[in-house]
Amino acid sequence: MTHDRHSYAEPNVVRTTHLELDLALDFDEKVLAGSATHTLAWTGATSRLVLDTRDLTVLGVEGLTADGWEPLEYSLAVPDPELGSALTIRTAGHPRIKVSYRTAPTATGLQWLEPAMTAGGVMPFMFSQSQAIHARSWVPVQDTPSVRFSYAAHVTAPPELMVLMSADNGTTSRRTGSYDVVMPEPIPSYLLAIAAGDLVFEPLGERSGVWAEPATVRRAATEFSDTEEMMRVTEELFGPYRWGRYDLLVLPPSFPYGGMENPRMTFATPTVVIGDKSLVSVIAHELAHSWSGNLVTQDSWDDIWLNEGFTSYVENRIVEAVYGTEFAVMETAIKQHATVVKLDPLTPAELAVELPGLHHRSEYHGTTSTGPLKGSWFLSWLEERFTREVFDPFLRGYFDTFAFRSINTDNFVEHLREHLTAPHPDVVTEDELAAWLYEPGIPAFARRAVSARFQVVDEARGLWLTTGELPHGAERWTTQEWLRFLDAAPDVLSPLLLQQLDRAFGLTGTANGEIARRWYQIVAASSYEAAYAEMAEFLTKVGRMKLVLPVYQALAGTDRAFAAEVFAKARPGYHPITTAAVQKILGQ
Ligand code: BES
Ligand code: ZN
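Each value, and the rule that gives it
- Residues numbered from 1 in each chain as written.
- Chains lettered and ligands numbered in written order.
- Predicted model: local features only at pLDDT ≥ 70, side-chain atom pairs only at ≥ 80, totals over all residues.
- Heavy atoms only, no water.
- Pairing = 2+ DSSP bridges.
- Helix = DSSP H or I, 4+ residues; strand = E, 2+ residues; numbered from the N terminus.
- Axes fitted to C-alpha atoms, helices over the stretch in contact; angles between N-to-C directions.
- Core = buried A, V, L, I, M, F, W, Y, C linked by side-chain atoms within 4.5 Å.
- Buried < 20%, exposed > 50% of the residue type's maximum accessible area, 1.4 Å probe, protein only.
- Contact = heavy atoms within 4.5 Å.
- Donors = N, O, S within 2.8 Å, 3.2 Å for Na, K, Ca; no water.
- Tetrahedral: all angles 85-135°; square planar, octahedral: opposite > 155°, others 65-115°.
- Parallel < 35°, antiparallel > 145°, perpendicular 65-115°, else oblique.
- Left-handed = near helix turned anticlockwise from the far one by under 90°.
- Nonpolar A, V, L, I, M, F, W, Y, C, P; charged D, E, K, R; others polar.
- Domains from an automatic or database assignment.
- Buried area = accessible area lost by both parts, 1.4 Å probe.
- Salt bridge = Lys/Arg side-chain N within 4 Å of Asp/Glu carboxyl O.
- Polar contact = N/O pair within 3.5 Å; in protein donor to acceptor, adjacent residues only side chain to side chain.
- Near = heavy atom within 4 Å.
- Areas by Shrake-Rupley, 256 points an atom, 1.4 Å probe, with all protein chains shown as cover.

A. Inspection of the sheet that holds strand β14 (residues 194–197) at higher detail. Reading across the sheet, the 4 strands line up as β9-β10-β14-β12 and stay open at both edges, with antiparallel pairing between neighbours. Strands at the two margins of the open sheet, each flanked by one partner only, are β9 (110–113) and β12 (162–165). Averaged over neighbouring strand pairs, the angle between their axes works out to 10° when direction is ignored. Examined bridge by bridge, strand β10 (residues 125–128) and β14 share 2 bridges and lie antiparallel to one another. Counterpart to M126 in the pairing with β14 is A196.

B. Structural context of the nonpolar core. Counting residues in hydrophobic clusters, the biggest one holds 175 residues, and the most contacted among them are L25, F378, F412 and Y552. In terms of residues, this core owes the most to one element, helix α17 (residues 545–558), which gives 9 residues. Each residue touching Y552, except ones within four places of it in the same chain, is listed here: L539, A563, V566, F567, A570, Y574, V582, I585 and L586. In terms of nonpolar packing, the next biggest core, distinct from the first, is built from 12 residues, L49, L51, V58 and I97 among them.

C. Representation of the coordination of the zinc ion (ligand 2) within the structure. The coordination sphere of the zinc ion (ligand 2), as far as protein atoms go, consists of H285 (NE2), H289 (NE2), E308 (OE) and E308 (OE), spread over 2.0 to 2.8 Å. Its 6 donor atoms give the zinc ion (ligand 2) angles of 52 to 160° at the centre, a pattern that matches the irregular case. The sequence motif formed by the donor residues of the zinc ion (ligand 2) is H-x3-H-x18-E. Of this pair, H285 sits in helix α3 (residues 281–288) while E308 sits in helix α4 (residues 305–323), and the two are 23 residues apart along the sequence. Taken individually, H285 and E308 each receive the classification buried, so the pair is uniform in this respect.

D. Broad picture of the packing of helix α2 (residues 227–238) against α3. Taken N-terminus to C-terminus, the directions of α2 and α3 make an angle of 45°; their axes are 11 Å apart at the nearest point. By the angle between their directions, the pair α2 and α3 is classed as oblique. Judged by the sense of rotation from one axis to the other, the crossing of α2 with α3 is right-handed. Packed against α2, whose contacting residues are T227, M230, M231 and T234, the element α3 presents I283, A284 and L287 at the interface. Taken together, the residues that form the contact of α2 with α3 break down as 5 nonpolar, 2 polar and no charged.

E. Looking closely at the sheet that holds strand β1 (residues 14–26). Spatially, 7 strands are ordered β5-β4-β8-β2-β1-β11-β13 in an open sheet, and the strand pairing comes out mixed. Each having just a single partner strand, β5 (68–71) and β13 (178–188) make up the two edges of the open sheet. Strand-to-strand twist in this sheet, taken as the mean axis angle between neighbours without regard to direction, amounts to 20°. As judged from the 4 bridges shared by strand β4 (residues 57–65) and β5, these two strands associate in the antiparallel manner.

F. Inspection of the domain arrangement of the protein chain at higher detail. Here the protein chain is partitioned into domain 1 (1–186), domain 2 (199–290), domain 3 (296–437) and domain 4 (490–586). For domain 2 and domain 3, the distance between their C-alpha centroids amounts to 24 Å. With 23 residues of domain 2 in contact, the opposing surface of domain 3 contributes 22 residues. When the two sides are added together, the surface that domain 2 and domain 3 hide from each other amounts to roughly 1,800 Å², 67% of it contributed by carbon and sulfur. By the criterion of area lost to domain 3, the three top residues of domain 2 are L237, F238 and R242, representing 35% of everything that side buries. On inspection of domain 2 and its partner domain 3, the count reaches 1 salt bridge. Across the pair D400 and R242 runs a salt bridge, and its minimum N-O distance is 2.5 Å. In this assembly, domain 2 and domain 3 are joined by 8 residue pairs in polar contact (both at pLDDT 80 or more).

G. Geometry of the pattern of salt bridges. The full count for this structure, using the stated rule, is 35 salt bridges. Each of R317, E320, E383, R388 and D392 takes part in one network of salt bridges that share partners.

H. Quick peek at the pairing of strand β15 (residues 200–203). Sheet analysis places β15 next to strand β16 (residues 208–212), joined by 4 bridges and oriented antiparallel. In the sheet register, F201 faces β16, and the bridge partner there is W211.

I. Quick peek at the packing of α4 against helix α5 (residues 325–343). As a packed pair, α4 and α5 sit with axes 7 Å apart at the nearest point and diverge in direction by 150°. As summarised for this structure, α4 and α5 are arranged roughly antiparallel, according to the angle between their axes. Across the interface between the two elements, S312, E315, N316, V319, E320 and Y323 from α4 touch T325, F327, A328, E331, T332 and K335 from α5. Considered class by class, the residues forming the contact of α4 with α5 number 4 nonpolar, 4 polar and 4 charged.

J. Fine view of the site of ligand 1. Looking at ligand 1, there are 14 residues lining it, with Q131, G258, E261, E286 and H289 nearest. At 2.6 Å from a nitrogen atom of ligand 1 is found a side-chain nitrogen or oxygen belonging to Q131. With respect to ligand 1, the side chain of E261 contributes an N or O atom lying 2.7 Å from a nitrogen atom. Within the complex, 84% of the 520 Å² of free accessible area of ligand 1 lies under protein.

In structure tokens, the structure reads:
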């Protein structure tokens with residue numbers, strides 16, 4: 001086992017196998033307080049248990065003996081700005097250890113929302129985001145994906161609020177102020193999740209449903225009505241869904257991601273609920289994580305491509321099976337275009353940092369947009385070479401073999417050699433494999449997705465840019481065609497061109513966040529001030545990083561003062577992760 005440099009835990013000597021949480025949610029203080037009791041498996045000689053924490057106040061630690069609980073000595077290290085504080089507990093190998101603690105109101109893994117920041121506007125809301133290393137800010141835990149444990153939680157909250165976790169929550173939204181949930185399957189700490197608010201349930205099918213605020217739940221259920229079908233096709237391709245129920249929780253717009261694959265309870269941004277299902281590949285993506293990531297997990301963040309790369313591939317297979325090849329190809333082409341545009345201007349040295357070989361482990365494989373794409377492109381390439389007839393059963397076998405385990409890239413490559421390249425020699429060469437695994441960038445022999453619809457869009461854009469003629473038929477374009485139109489347009493355009501396009505197609509103020517993000521990027525880079533008020537409103541309403549950061553980035557290059565002004569107004573509604581990212585862009 002390799003050491004996880006993002007955690008102080010020592011899983012080579014001791015591992016949590018089960019966690020019991022007993023927590024109280026205090027919305028006045030913005031604090032979660034209670035205890036975390038670890039059931040431990042000791043495998044080496046040591047006199048201590050080291051847990052990860054960040055900004056936690058530890059109130060006491062106890063260990064279970066034959067005579068009951070005894071207090072244990074502990075010390076909290078000086079915090080490291082990135083990793084937090086190691087909590088070192090003196091223990092003679094106690095089978096269970098209980099830590100009593102409270103979180104800080106500034107916990108990086110939690111956001112506490114005032115009622116005004118919700119759809120209903122009456123009740124407060126809170127939610128967690130643990131990936132990658134934020135679980136430690138709300139639970140003292142071995143915060144490394146190499147350790148897996150089941151968990152049970154007892155949570156109390158104000159009686160008017162519903163509490164949900166990444167666990168078996170049932171399907172009744174009866175509020176009692178006291179909730180008990182269990183997660184029987186072993187999960188890594190980054191999949192610990194909790195949310196509380198004015199949440200109601202609407203079923204989608206036998207084993208899936210949507211949780212959302214009353215004002216949103218109907219629209220969300222309509223948008224996500226293909227969830228059962230997505231589950232069915234994924235099972236057909238890659239084996240059984242092993243987590244019991246699959247529910248979706250639609251969060252307020254400050255949720256910093258598109259989605260988060262919390263097991264049994266995907267957390268999702270409301271920005272995908274727009275009425276035409278055109279952005280539901282986010283749901284396919286989070287569902288795909290039920291196989292890639294949640295079932296077969298990377299054992300450290302440096303191998304995150306095993307998680308996000310595989311998921312991006314499986315996502316596209318789900319999208320193809322449910323919405324057809326044409327749609328899936330457009331989505332692939334959009335992702336590939338974004339990567340190529342980013343990589344093209346790089347020098348070889350920069351490229352080696354931005355997108356190294358998949359075997360060159362780096363946490364950045366998962367946190368930039370290019371990393372997951374290289375992984376999924378690699379898998380698509382294998383699929384094409386070996387054919388689906390061979391590749392699909394191979395991938396299914398991979399999920400079966402490593403189910404509920406945490407592995408690294410070597411484990412995958414070994415499996416690939418044993419079950420794919422050895423039984424089917426001469427399909428790919430060693431040099432080709434090495435290009436993906438050890439060399440930077442996207443190999444020259446990788447085929448790009450070609451979308452006939454995008455060729456039409458590209459021609460329309462070319463005509464518009466050279467003659468000013470508005471794109472024909474664009475009023476009937478799908479979301480993806482608009483994304484293509486904007487993605488491949490120059491960053492800076494003349495106000496006149498922008499005004500004509502805007503007048504014809506009403507881009508300013510669009511309810512489609514993916515279109516808005518790209519449009520406002522151009523608006524900001526071109527200083528098209530007619531759209532600034534709506535752009536500011538968008539930045540204030542939405543906190544999803546993928547949608548707001550590129551706009552701030554563009555504004556930072558043209559109108560930093562305006563960006564700072566908007567940020568000051570939006571900031572109280574942003575998640576701590578979004579706030580930190582915007583501050584970095586604005587140099588604050
Ligand atoms: N698990 C990720 C989000 C994540 C990655 C959080 C790394 C923290 C660190 C999630 O599954 C994801 O990838 N979400 C994407 C949507 C997806 C369709 C690419 C997002 O948030 O936009
Ligand atoms: Zn993902």
